[in-house]
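These are the residues of each chain, in order.
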Amino acid sequence: MTMEFDLNGKRHTVADTPQLLIDWLRTAQQQTGTKAACREGDCGSCQVLVKEPGLDHHFRAQPGCLIRVQDLHQCQVLTIEGLLRPDAKPHPLVMLFTEEGAGQCGFCSPALIMASLNWLLHGPALTPEEGEAWLNGNLCRCTGYMGQRRAIVQIASRWATALLASTDRQTTLIALDLLPPYAAIPPCWHSTRPTISEETPEVSIVLGGGTDLYLERPLNQLTQAVPCSSGKLQPPFKEHNGEIWLNAQWPIQALADALLAQKQLPFFSRFNFLFASLPVRNRATLGGNLAHASPIGDAMTLMMALNATLHTNRRSIPVQHLITGFKQTCLAAGELIEWIALPPEVGVSYIHFDKVSRRSTTDIAALNCAGCWHVENSRVTRVRLVIGGASPCPLRLPELEKQFIGLPPDALCPDPTPWLKAALSPRTDHRGSESYRFLLAKQLILAQWDALKQLTSAGSEVTP
Amino acid sequence: MSSKTLKTPPQSESSPLKHRTLQGHFEGKTLFTDDLPVPESCLYAAVVTSPVAHAELTAIVTSEAEKYPGVVAILTARDIPGSNQIGDIVQDERLLAEHHLNFIGKPVALVLANTAEQAHQAADAVQLQYHEKPSTLDVKTAYRENSTFGDERHFQKGDIAHGFEDAQWVVEGDVDTQAQEHLYFETQVSLAIPMDGQHLKIFSATQSPSAVQKFAASVLGLPMNAVEVEVLRLGGAFGGKEEQAKPWALLAALGAFVTQKPVKLVLSRHEDMHWTGKRHPYHSHYRLGLDSTGKILAYDVQFLQDGGAVADLSTAVLERTLFHATNAYAIENVNVKAVSCRTHHPSNTAFRGFGAPQAIFTLESAIDHAARVMGCPRWHIQQANLLQPGYKFAYGMTYETNALQQCWSRLWSEKSIARRMRDLEQTNRSAPRYRKSIALTPLCFGIAFTATHLNQASVQVNIYTDGSVGIATSSVEMGQGVNEKIREVVARCFGISFDMIHIDYTHSARTANMSPTAASVGADLNGMATLQACSKLKSRLLKFCSQRLKHPVEHLTLRAGNVMTDQGEVLLEWRKLVTEAYLSREHLCELAHYATPDLYFDRTREQGHPFAYHACGVSAIEITLDTLLGTYQVEHIDVVYDLGESLDPLVDLGQMEGGLVQGVGYATLEEILWDSNGRLITDSFATYKIPDLMYSPRISVDFIQSGRNPYGPFSSKAIGEPPLLLGLGAYFAITDAIRSHTQTTEIPYQLPMTPEKALSALYPSFTATS
Ligand SMILES: Cc1cc2nc3c(=O)[nH]c(=O)nc-3n(C[C@@H](O)[C@@H](O)[C@H](O)COP(=O)(O)OP(=O)(O)OC[C@H]3O[C@@H](n4cnc5c(N)ncnc54)[C@H](O)[C@@H]3O)c2cc1C
Ligand code: FES
Ligand code: FES
């Protein structure tokens, strides 16, 4: 079987041999503008723009080191080489970053252009603060961060107005000479590839964004992992009997963008921001994060607190029943999480997600913590508290929850220590020692209470 | 003395043109070694290394691996035609292990195959047989076992016993600083190409092309003139490619020489992190005596350095620790001891700051300790002891300027430090969840290689007949902007625009016997040599012009692409001048050699004049601490720094900002962890965390010029390493904020101050065990 996709406006047909996009670009294509400093999704220097079938039909910056060429069937890929203009006139973003001294050795530099375009395509506000968050996945050791900040300010002041007024940012970006004209060519999405449900499911490996799979297994053991684009052809979320159903197969960032645009689930923005880095979020899915069953997976902690139900292609599973052991789930071979249903109660609760890691952003948590609080007549009536990272899988703390029932949010927080000690079994590793995790767990519960106080006293409207 | 401020980089019209290299970076056009097209017949190398920290190697079994597909050759020490010895300062390092495995990652065999994947698969199949031996993995044990590189060194000034006798306050304690990973984005890489049977070309991402050349020659049993080394540029280095690019370049060279095929060797990120050395961890012990006013009367300190498995640059790094023991302070009675210890870690090596950060953090810790005991703010002691002109350092050199005082007072006045400190204290008093604090760090950093002989550079300037100029320097471009600065020197000398000036890749045949590009002096040394070469060419050209135009030479200048009279009258276009000079058989090329004058150091007396000058600056770091979760944000850094006359404001600003962020990373975030067998745990970007954009503070930089500098071209000054040291204050800002919340807590003087350590210090009485 051969794969077909567009690279910088040119159609390529490649054999179905396991190969990462970054290697294919740099060796087979001799296009060395895309760099790789880590090959594990962490540095951002390999970002390329990919337009996938489905989703919102737009380019998104993704890590070339976590994409196989096979995954690109019917996609469009845009690299730094694709932005260079035949008339040799420098690209306006290149000029801005250069003038502001936003690079030194240059190894991380091309990716900043790709990340900036991603921001300009999707950033809801296009303010300098937002730009920082959207370029935060581009590490620079040298480090040109201050120059990048200056460039971000310039970018916002040069193009925000035009883009915010535009109903079609891609077209506007082409008109502004920031994207090449061929970016407008729509990809051909006649689905000729088998998706997982059509193939013999027993032997197939379910593939989401691959951001876990590709790091854990050699590519040649993943020949059965086929991208199932069908999920991306569905909407990012939908309402169903008062429940909100999240599409488990959408990249997390795209899902967050859609929720934000529709003013749904305000807490999800913070969760999204604290989850990995932007290029990783542009591939990683909630379904993959849950199915990976990591003790420290952020989605599991949040979804348990929200009392979510998973809808697979076969059945419904309460989220807390998904994980059956350390990195083990109850999913059968080929069973696909399609939707994550949030009960109507989520709409009338105070929800707070916290995560403490060594580096405050783009890092894996030492611990994460989610709380879903129900307050009536200024008293806590129900609460679900979940802590991840202190046990083989994220843990709900029912005994501790009881301590809060009946308390007004401005009361002193009960000392959670005894209940945490009874429930948690943290271990020492490079993200933190056992005693740190115990202490941190306590502090995270205090922080939940602090957050509830803020949320309720601000009189902030409960989420619709 | 003039004092000039430069707040934001000037947006000169020529800047896009000037920084066209940077433009190439953003366009992805810049070529790094791994981007070079590989010759058709190229083989790929994988290295088999020691899996244990200490062992006697008894056998290398390659028979299985040889059968793997694509394998062309597997080489061991026995296949080395010349010498296996590659230690530079001390001859204690073998390219490939013979009998002795002394760290995890010690190269043992080289596998060459048709693809990199095949090479790695076969490398995994090579079996090593060995008898494991007990390993020494921490510096204190090594010191106790007397396992050192050379003797303990000793710098002294005044009468230490007397100083302590007079002291009202004496504090004493321990300081630990951790290893720091360079994490240059481009991993170690080289490509070696046999040119003919007796001649080899090596592309290496190294800061020391001549060292690669010298040792490749000796490993292969060739004269140096048979080995060509070319360095395109480095994707970051920070000292990590000064000594430690060498083994990988030599292995590629060995493979190419033996097989007579091109060989490419690239370390994966994991290999690079496991196998190469880091910033030296130090353990130090201080005693500080002060009078009642906070004046330091005596400082007694001992530094134990974890040198790792071989000497590498450790003794040189240690020497810089000794030189910087008293940092920016005038202390009359000083006693400094320092020794480098041998452990079974990969050899630790150069890293921006080169031994100074450990020294400076130790003294700042001692001052912090004293301030707490005396109940005064830390800045009070810092200010009371700031260097004064005329102070003689323990190593005999006199501090001559008042740049440090200028920086200090300017920081206080321009950045409202006093008011901000008062405001913060006031806010903290209301016991908010988020607390703020500010810490100051003064810095005085000696500029020169402390190995005097390295303070030399040659530069070749070629003017081509079309008027364009090509420069071959002795320096390697690695993002520090040395090439941009050299272009500026040439542009100023010849009065021509930047687009006419090209800096060649660094090449051992164009300039010979290069010192490493290090010690912050690349632009000083190469800039001065460039200046000399250009001056000679300029006077030759003007003399020619004067004869031809019958115009007195003293009234001619080169400006705006022309020969002009000093009245501004254009006499001849630069290009025409060059063409005519060529036709008249004038020599249009010049090779100049610069050796920094006035440098000497006598190691028997530990006295001399090791530095050309001192670079000075002061920083103020403001942080916010979340006292509930122990997390913090380094909010803002204000810096005043004596830069002299900037050759390239944008480059200098970038050096300052980048160094500060690296320093903040070192002080707060970056932590190397090994397991009990000496295996690196934090071996990836996922586990070794460096600052990202949002982690990084806002930075505002005030460059001042305290006076003329005869050791830098056009009175410019070095800026490569010092900024990193100015980031160290982040540690103290965080611990100050912790103490504003929890007065009683004992916080060890240990880098880095991670959120974990901060939280534990905030809640010292919490016990996890029930
Ligand atoms: C640099 C980096 C940073 C990261 N940071 C974080 C972080 O901060 N927090 C965090 O929680 N995680 C983090 N991760 C991990 C996170 O990216 C993954 O867990 C991700 O969410 C997995 O989604 P995916 O779609 O990429 O899954 P894949 O890698 O495609 O698959 C993972 C597993 O889930 C299965 N699977 C995938 N989709 C489905 C589905 N719809 N139904 C059933 N099974 C499925 C696969 O078969 C596989 O077993 C990080 C990863 C990287 C590389
Ligand atoms: S190479 Fe680092 S994210 Fe891909
Ligand atoms: S410029 Fe070197 S890593 Fe960013």
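Keep in mind the model is a prediction, meaning the values are calculated, not measured.

**Remarks on the sheet that holds strand E4 (residues 59-63) of chain A**
Residues and elements named next belong to chain A.
- Across the sheet, 5 strands lie side by side as E2-E1-E5-E3-E4; this open sheet has mixed pairing. Sheet topology places strand E2 (10-15) and E4 at the edges, where each strand pairs with a single neighbour. On average, each strand axis in the sheet is tilted by 35 degrees relative to the strand beside it, whichever way the strands run.
- Two elements, strand E3 (residues 47-51) and strand E5 (residues 76-78), share 3 bridges in a ladder whose sense is antiparallel. The partner of Val50 across the bridge, within E5, is Val77.
- Where helix H1 (residues 21-28) meets the sheet, it contacts strand E1 (2-7), E2, E3 and E5, and its direction lies at approximately 70 degrees from that of E1.

**Quick look at the interface of chain A and chain B**
- Chain A puts 74 residues into the contact, and the matching count from chain B is 79 residues.
- At the boundary of chain A with chain B, total buried surface from both sides reaches about 6500 Å², with 61% on carbon and sulfur atoms.
- Broken down residue by residue, the surface that chain A buries against chain B is led by A:Arg141, A:Arg358 and A:Arg359, which jointly contribute 15%.
- For the pair chain A and chain B, the number of links is 10 salt bridges.
- A:Arg26 is paired through a salt bridge with B:Asp35; the nearest N and O atoms lie 2.6 Å apart.
- For the side of chain A that touches chain B, the elements supplying multiple residues, two or more each, are helix H3 (92-99), helix H4 (109-122), helix H5 (128-134), helix H6 (145-165), strand E15 (350-356), helix H16 (417-423) and helix H17 (434-457) of chain A.

**A short note on the site of ligand 1**
Residues and elements named next belong to chain A.
- Close to ligand 1 lie 33 residues, the nearest being Val206, Gly209, Thr211, Asp212 and Thr285.
- Lys355 is positioned such that a nitrogen or oxygen atom in its side chain is 2.7 Å from an oxygen atom of ligand 1.
- For ligand 1, whose accessible area on its own is 970 Å², the fraction buried by protein is 91%.
- At the level of secondary structure, the elements contributing two or more residues to the shell around ligand 1 comprise strand E6 (205-207), helix H8 (213-216) and helix H13 (286-292).
- Considering each element in turn, the shell around ligand 1 owes the most residues, 5 residues, to H13.
- The residue makeup of the shell around ligand 1, split by class, is 14 nonpolar, 12 polar and 7 charged.

**Some details on the nonpolar core**
- A:Phe97, A:Leu120, B:Leu288, B:Phe494 and B:Trp574 are the most contacted members of the largest nonpolar core, which totals 258 residues.
- A total of 12 residues in this core trace back to one element, the largest contributor, which is helix H16 (residues 522-549) of chain B.
- Once residues lying within four places of it in the same chain are set aside, the contact partners of B:Trp574 are B:Ile463, B:Gly467, B:Val469, B:Phe494, B:Ile496, B:Met500, B:Leu541, B:Leu558, B:Gly561 and B:Asn562.
- A:Met300, A:Leu302, A:Leu310 and A:Val346 belong to the second-largest nonpolar core, a separate cluster that totals 46 residues.

**Re the pairing of strand E27 (residues 613-626) of chain B**
All names here are of chain B.
- A large share of E27 lies buried, amounting to 14 of its 14 residues.
- Direction of pairing for strand E16 (residues 434-447) relative to E27: antiparallel, over a ladder of 14 bridges. Paired with Lys436 across the two strands is Thr624, which belongs to E27.
- Here 9 bridges tie E27 to strand E28 (residues 632-642), and the two strands are oriented antiparallel to one another. Note that in E28 the partner of Val618 across the bridge is Val640.

**Section: the domain arrangement of chain A**
Residue and element names in this part refer to chain A.
- Partitioning chain A into structural domains gives domain 1 (1-187) and domain 2 (232-458).
- A straight line from the C-alpha centre of domain 1 to that of domain 2 covers 31 Å.
- Each side of the interface is counted separately: domain 1 has 22 residues, and domain 2 has 18 residues.
- Together domain 1 and domain 2 conceal approximately 1600 Å² of surface at their shared face, both sides included; 57% is due to carbon and sulfur atoms.
- Our enumeration of links across domain 1 and domain 2 arrives at 2 salt bridges.
- In this structure, the salt-bridge partner of Asp257 is Arg60, at a minimum N-O distance of 3.1 Å.
- Linking domain 1 with domain 2 are 8 residue pairs in polar contact (both at pLDDT 80 or more).
- Residue contributions to the side of domain 1 that touches domain 2 peak at 4 residues, all from E4.

Criteria and cut-off values
- Residues numbered from 1 in each chain as written.
- Chains lettered and ligands numbered in written order.
- Predicted model: local features only at pLDDT ≥ 70, side-chain atom pairs only at ≥ 80, totals over all residues.
- Heavy atoms only, no water.
- Pairing = 2+ DSSP bridges.
- Helix = DSSP H or I, 4+ residues; strand = E, 2+ residues; numbered from the N terminus.
- Axes fitted to C-alpha atoms, helices over the stretch in contact; angles between N-to-C directions.
- Contact = heavy atoms within 4.5 Å.
- Buried area = accessible area lost by both parts, 1.4 Å probe.
- Salt bridge = Lys/Arg side-chain N within 4 Å of Asp/Glu carboxyl O.
- Near = heavy atom within 4 Å.
- Polar contact = N/O pair within 3.5 Å; in protein donor to acceptor, adjacent residues only side chain to side chain.
- Areas by Shrake-Rupley, 256 points an atom, 1.4 Å probe, with all protein chains shown as cover.
- Nonpolar A, V, L, I, M, F, W, Y, C, P; charged D, E, K, R; others polar.
- Core = buried A, V, L, I, M, F, W, Y, C linked by side-chain atoms within 4.5 Å.
- Buried < 20%, exposed > 50% of the residue type's maximum accessible area, 1.4 Å probe, protein only.
- Domains from an automatic or database assignment.

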